[in-house]
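Coordinates in review
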There are 2 protein chains.
Amino acid sequence: MEFSEHIKTANVEDVVLKLPFQPPATGTLCVTGHHLLFSDRKEGGIRQLLLLLRNIDAVEKRTTGSSGTIIIKCKDLRILQLDIPGMEECLNIASSIEALSSLDSVTDMYPFFHRPRELSLNDPWGLSSPEQDYAQTERLWDRWRLSKVNSDFSVCPSYPGAVIVPRAVDDDTLIKAARFRQGGRFPVLCYCHQKNSMVIMRSSQPMTGANRKRCREDELLLQAVIDESELGYIIDTRSAHQAHQARMTGGGFESKSCYRSWRRMHRHMERGKVLQESLIKLVEACGDTSHNMDRWLSKLENSKWLTHIHTALSTAGLVAECVERDAHSVLVHGSEGMDTTLLVTSLAQLILDPTSRTLRGFLQLIEKDWVQAGHPFQQRCSRSAHSHARLRQECPSFLLLLDCVWQLWRQFPLALEFSETLLLRLAQDAYASDYGTFLCNNEQERCALGVKENTHCLFQFLLRCKEREQYINPLYEPTELAIWPSVQPQSLQLWTGLFLRWTEYAETMNKAREEIWTIVKEHTERNGTEESTQTSLNHYNTFTVMENFMDELTIL
Amino acid sequence: MEFSEHIKTANVEDVVLKLPFQPPATGTLCVTGHHLLFSDRKEGGIRQLLLLLRNIDAVEKRTTGSSGTIIIKCKDLRILQLDIPGMEECLNIASSIEALSSLDSVTDMYPFFHRPRELSLNDPWGLSSPEQDYAQTERLWDRWRLSKVNSDFSVCPSYPGAVIVPRAVDDDTLIKAARFRQGGRFPVLCYCHQKNSMVIMRSSQPMTGANRKRCREDELLLQAVIDESELGYIIDTRSAHQAHQARMTGGGFESKSCYRSWRRMHRHMERGKVLQESLIKLVEACGDTSHNMDRWLSKLENSKWLTHIHTALSTAGLVAECVERDAHSVLVHGSEGMDTTLLVTSLAQLILDPTSRTLRGFLQLIEKDWVQAGHPFQQRCSRSAHSHARLRQECPSFLLLLDCVWQLWRQFPLALEFSETLLLRLAQDAYASDYGTFLCNNEQERCALGVKENTHCLFQFLLRCKEREQYINPLYEPTELAIWPSVQPQSLQLWTGLFLRWTEYAETMNKAREEIWTIVKEHTERNGTEESTQTSLNHYNTFTVMENFMDELTIL
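Once a new chain begins, its residue numbering starts again from 1 and follows that chain's sequence as written. For naming, the first written chain is A and the first written ligand is 1, with later ones following in the order written. It should be noted that, the model being predicted, local features are given only for residues of pLDDT at least 70 and side-chain atom pairs only at 80 or more, the latter also being counted only at that level, while totals for whole chains, interfaces and linings use all residues. Each side-chain value is worked out from all heavy atoms of the structure, with water and hydrogens disregarded.

Residue and element names in this part refer to chain A. Residue position: E443 is located in helix α14 (residues 443–449). On the basis of relative accessible area, E443 is assigned to the buried category, the value being 8%. Separated by 67 residues in sequence, E443 and P376 have C-alpha atoms that sit 10.0 Å apart. In what follows, a contact means two residues having at least one pair of non-hydrogen atoms within 4.5 Å. Ignoring anything within four residues of it in the chain, the contact list for E443 reads F153, P160, V371, Q372 and K452. A helix here means a DSSP run of H or I that spans at least four residues, while a strand means a run of E at least two residues long, and both kinds are numbered starting from the N terminus. Three labels apply to residues, based on accessible area from a 1.4 Å probe with only protein chains included: buried if under 20% of the type maximum, exposed if over 50%, partly exposed otherwise in between.

Below you can see the structure in the form of structure tokens.
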């Protein structure tokens, strides 16, 4: 497509940029196909700001007389203001932003154009694959196999081409079981616990419907997971009532009589619109500047965000307890198996599995259990908390995961190899990114659009030496033990690093934290536990102050 | 008195002690005049626990059959349980605890008996005096003088023997002004700002009464504080409505017409019973183990504790702004001038004055503006949050101060030389201590009872080399600038270190924090900015595990 058709005014001089807690700056504003550029040539050097249009969640415009003001609310929760001389220019810029920030076509998005000098499209894409995972996990070989039944995505459109299933079950059985599960998401292996070989599986709900339909193959598949004398647990992320209700619309749950070796437990977790509205309310509360403590606490409570954090961590803790303490295998599902299911299974792995607590291991976990597992990032993250657009399938499931991981990180500041900065970076890139990793809703779509051939991989980029350092927790001390989070409500806190990121408070806190980290890092580096690269610890920032942004522009 | 008359059963064997998050221990319980001792002789060594009876806020007893259970709720918020074989023994122990934990006579209290080998009663007592303060602050000499008009405590029973007042005002004027202020608390100097010589004064309310009485001497005294062309601000810590109401009971406020150079501002702060109930509600909420997030947040909001923190910090910020940014002198008072007044003036000093942010400087501030200034510690801290006794004059003003200081410490982790451990230690010693510092309600009472001659000084003890280290913030980097706290409600948080101190969560957090501090300390020590003593960073704990407690016992 031609971006230029959306750009009636490409440049405006004498624009005033107002950023939170910075003095206003006057300079030139420039709209390109994917960015908003602001350059302020005063004070000797050039100060330039680059904002990915995709990061813009909502635009508000006001015109007064011959000039106008545009307020830009970003998906990373920042709010900035542009005062533009010339009413026409203002309206043109606003309509360009509106159009270009909400392009629907994936191949028009910036990752398909981002070509930094230091990366090549021939670089490896992704960190692992189901094939590699299987090949590297010897303890699986005896009872589990890699199935390529979904290699053309016909059995389950949202699954990757290869999945790990019980060795005793053949591909035909899988195909039939898939027909019995919503969206074809039949039970697959997610995690095998080293200590006792108990597993965590995930799927979508069984389509029993009002007639209590059965599927022998689905029953066989689950039976094959466990030994005869054993007992497995199904953790259903809906309330028992919701699960029963689901039968009216063709869904359902595993009945006791048909799945004799499995016990079902219900843990109600919110999803979809409820979660999205919770995020909107929370962000609204965080932006309230009325300086009224009661109102703030009441709004915080009313948003229910911390309640969702609490439920997610408790449910994950329950799954981890089943596996580690009681030595049972577990199947997790809700309805579609794409949101709360992934949230619970990935948190349980972080609790149980030391490997997933390393930087690479955590990114692999996100890749395996969110990207490849078919969490529909494009649908869920197309809008964030500021948009007034009618919500469709937006839902901050992934943000909730990152917040839960932050809570773990806070409670176990030595147990995770990665830093809060990594979580902030992922929170941001899921909504707007230079990289292709979070594009599309599943592997099938990514293949169809050639995402891996035509974009760069975020995870590979983050692990590069130069980047890596800022995502490392200098205090990391690996532990083989499970890390059991306290889920007392009193011990969970607002993730200020994310939700108060652009407030005065955050300025103070970030400065202090950076000074502390510098001291800690110097210490660990001197102790030789760290590579001794000497870059600074700046928080990652899309709206980067750039010395030279020509690299970014040449491709437009 | 004879403590033995309160001790019918001095020793019980086979008592089971249950502490939060520790396995139960079986051992011998012993009641002495001031302590509860528990010794567990198993596991090779001797494990002994020593609890100051004064630390006990409430006792609950249950008897079942031939044995009984005593639940002890401490003023430091810990709850512990003793299972005692023998119903009579249980009842005896319980009634000993009840009697000995609430002795009214100050000279019967433990500080009058505490004689550790390494301290001598001839050691210096206290860190400074009004005389020394005045002698050391040259910038005062021109316009301020030291008055000993109160040397026999007859002018103001709750003031120290010497105070700093305007040079232009003689002692007769002070005596008359004192008669016009509640409790004789006439306006005195509290702080003089180095940068611009503006001052913070404090007093109690003027006793104008319903007839709008005037006092020429009080007006002269305040007029003498500022130059003719200048303007001073009176920050009244009551609402305008409350101040007007106070006239009905003889109190009042400074009217515009009589105090022409002063502008009055009202900032309503809660006090007395309202604050005490707020603390009780907060502690109850923190102990709620229902695992319901909404309920927790609702209880937290309902306690209003964070609202009080918010108000105190905002008001202190206002005072500091008047002094530093607008260059006005300020007089602070509410009604009695012994609670909110001290809270606001001492927080304003921490914001403005780098000296008060050092370990010694902070302790001097507490000594000068709380102990010597006549905050009635004995009345305010005789009971804490667990007591079911009818409240009289209890009020956690000092705890609120410490919490506000903690909020500053959190927001400026490099600006304060002291650690959170110091704040926890002060919180504890204000309610129950081995030292005499917080005994009595004012200097007059302390003199009458010979506190300084017969007890040891906490502040001197804390500054001893061996102790000092744990109260030092290894990250301290002095700054001459004012530290302006963010008072957005979003930036204030629950002081988990105090209020969740005895929960599972705190166990995890403390462990992590200590490991982090160890790293940071090692770093700073290697950099030579710290004395290189090598004691460990254990949190201070009244219920100390002691190797040898004979020192404590010999004096009983």
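Here the focus is the sheet that holds strand β12 (residues 232–236) of chain A. Residue and element names in this part refer to chain A. Think of it this way: DSSP has to see at least two bridges between two strands before they count as a pair. Within the open sheet, the 5 strands sit side by side as β10-β11-β14-β12-β13. Their pairing is mixed. Of all strands in the sheet, those bounded by a partner on one side alone are β10 (188–192) and β13 (262–266). In this sheet, adjacent strand axes meet at a mean angle of 25° when their direction is disregarded. Interaxial angles span 0 to 180 degrees and are taken between N-to-C directions of axes, which are lines fitted to C-alpha atoms, for helices over the stretch in contact. Across the sheet, helix α9 (residues 340–352) lies against β10, β11 (199–202) and β14 (329–333), angled at about 165° from β11, the strand it touches most.

Another aspect to go through is the relation of the copies chain B and chain A. The copies were overlaid by least squares, fitting only the C-alpha atoms of residues that reach a pLDDT of 70 or more in each copy. For the pair chain B and chain A, the relating rotation is 180°, the translation along its axis is 0.0 Å, and the fit reaches an RMSD of 0.0 Å. Considering both components of the superposition, the chain copies are consistent with a two-fold axis. When the interface residues of chain B are mapped onto chain A, 100% of them again fall at the interface, so both copies present the same face.

All right, on to the sheet that holds strand β11 (residues 199–202) of chain B then. Residue and element names in this part refer to chain B. With mixed pairing, the 5 strands of this open sheet are ordered in space as β10-β11-β14-β12-β13. Here the strands that pair on one side only, and so sit at the sheet edges, are β10 (188–192) and β13 (262–266). Direction aside, the axes of adjacent strands within the sheet are offset by 25° on average. With 3 bridges joining them, β11 and strand β14 (residues 329–333) adopt parallel strand pairing. Each residue of the ladder has a partner; that of I200, found in β14, is V330. Across the sheet, helix α9 (residues 340–352) lies against β10, β11 and β14, angled at about 165° from β11, the strand it touches most.

Walk down a regular strand and you will see the side chains alternate between the two sheet faces. Residue and element names in this part refer to chain A. Of all 5 residues in β12, 5 are buried; the element is thus mostly enclosed. Judged by which residues are buried, β12 turns out to be covered on both faces: G232, I234 and D236 on one side and Y233 and I235 on the other are all buried. Each parallel crossover has a hand, and for β12 linked through helix α5 (residues 240–246) to β13 it is right-handed. In the sheet, β12 pairs with β14 via 5 bridges, with the strands oriented parallel. If you follow I234 over to β14, its bridge partner there is L331. A clockwise course of the path from the first strand over the helix to the second, judged with the strands pointing away from the viewer, identifies a crossover as right-handed.

Next up on the list: the pairing of strand β3 (residues 35–40) of chain A. All names here are of chain A. Counting buried residues along β3, 6 of its 6 residues qualify, which places the element largely inside the surrounding structure. Along β3, one buried face is formed by H35, L37 and S39 and the opposite face, lined by L36, F38 and D40, is buried too. The loop that links strand β2 (residues 25–31) with its antiparallel partner β3 comprises 3 residues. Bridge count for β3 against strand β4 (residues 47–52) is 6 bridges, and the pairing is antiparallel. By the bridge assignment for β4, S39 is matched with Q48.

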